[in-house]
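What follows is the residue order along each chain.
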Amino acid sequence: QVQLVESGGGLVQAGGSLRLSCAASGRTFSSYVMGWFRQAPGKERELVAAITSGGSTNYADSVKGRFTISRDNAKNTVYLQLNSLKPEDTAVYFCAAKYPWIAGYNYWGQGTQVTVSS
């Protein structure tokens, strides 16, 4: 069982930056693929970025070059650096975890709100 707790959301002006953190419980954090998702009002949840246990990353096209996902296995924490924020980045951001051999994400955090004003 893994518990995930996000932090770092808030209100920022367009062009600004935020850093989201996700602290995970459990002893096998380094084994998980970690992902950041977001869900805007009236829209489906979408994968923003993911990072494997080995550090390989992938990003949604809409955030490439602006967002960076990273992880610190010693701290059981995954980060999402959000730069050059746009109003369309406004959403609740969720941290999620899964084992590499499973298709779907098993564990989810409660989410943190990111609001970008124009």
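What counts, and where the lines are drawn
- Residues numbered from 1 in each chain as written.
- Predicted model: local features only at pLDDT ≥ 70, side-chain atom pairs only at ≥ 80, totals over all residues.
- Heavy atoms only, no water.
- Helix = DSSP H or I, 4+ residues; strand = E, 2+ residues; numbered from the N terminus.
- Buried < 20%, exposed > 50% of the residue type's maximum accessible area, 1.4 Å probe, protein only.
- Contact = heavy atoms within 4.5 Å.
- Core = buried A, V, L, I, M, F, W, Y, C linked by side-chain atoms within 4.5 Å.
- Pairing = 2+ DSSP bridges.
- Axes fitted to C-alpha atoms, helices over the stretch in contact; angles between N-to-C directions.

1. A look at unusual backbone geometry
- Notably, N76 is not glycine yet its phi reads approximately 55 degrees, a positive angle.
- Mapping N76 onto the fold places it in the loop between β7 (67–72) and β8 (77–82).
- Residue class for N76 comes out buried when judged on its relative accessible area of 19%.
- The phi angle at S84 is positive, at roughly 50 degrees, despite the residue not being glycine.
- With respect to the element layout, S84 can be found in the loop between β8 and β9 (91–98).
- We classify S84 as partly exposed; its relative accessible area is 41%.

2. Points about the environment of S84
- Separated by 71 residues in sequence, S84 and Q13 have C-alpha atoms that sit 9.5 Å apart.
- Not counting the four nearest positions on each side in its chain, S84 is found in contact with G15, G16, S17, R66 and D89.

3. So, the nonpolar core
- If you look at the biggest cluster of nonpolar residues, it comprises 30 residues, and the most contacted ones within it are L4, M34, W36, V78, L80 and Y93.
- Residue assignment for this core shows that the elements contributing at least two residues are β3 (18–24), β4 (33–39), β5 (46–51), β7, β8, β9 and β11 (112–117).
- If near-sequence neighbours (up to four positions away) are discounted, Y93 is found in contact with E6, L20, W36, F37, R38, V48, F67, L80, L82, G111, T112 and V114.

4. Considering the sheet that holds β3
- Read across the sheet, four strands follow the order β1-β3-β8-β7 without closing on themselves; strand pairing throughout is antiparallel. For this open sheet the edge positions go to β1 (4–7) and β7, each flanked by a neighbour on one side alone. Adjacent strand axes in the sheet meet at a mean angle of 15 degrees, parallel and antiparallel pairs treated alike.
- In this sheet, β3 lies alongside β1 in antiparallel orientation, the contact comprising four bridges. Each bridged residue has a counterpart across the sheet, and for E6 the counterpart in β3 is C22.

5. Some words on the pairing of β9
- Most of β9 is tucked away, with seven of its eight residues classed as buried.
- Here β4 runs beside β9; their pairing, made up of seven bridges, is antiparallel. Residue M34 lies in a different strand from β9, and its bridge partner there is A97.
- Here β9 pairs with β11 via three bridges, running antiparallel. If you follow Y93 over to β11, its bridge partner there is T112.
- Here β9 pairs with strand β10 (residues 107–108) via two bridges, running antiparallel. Within β10, the position partnered with A97 by the bridge is Y107.

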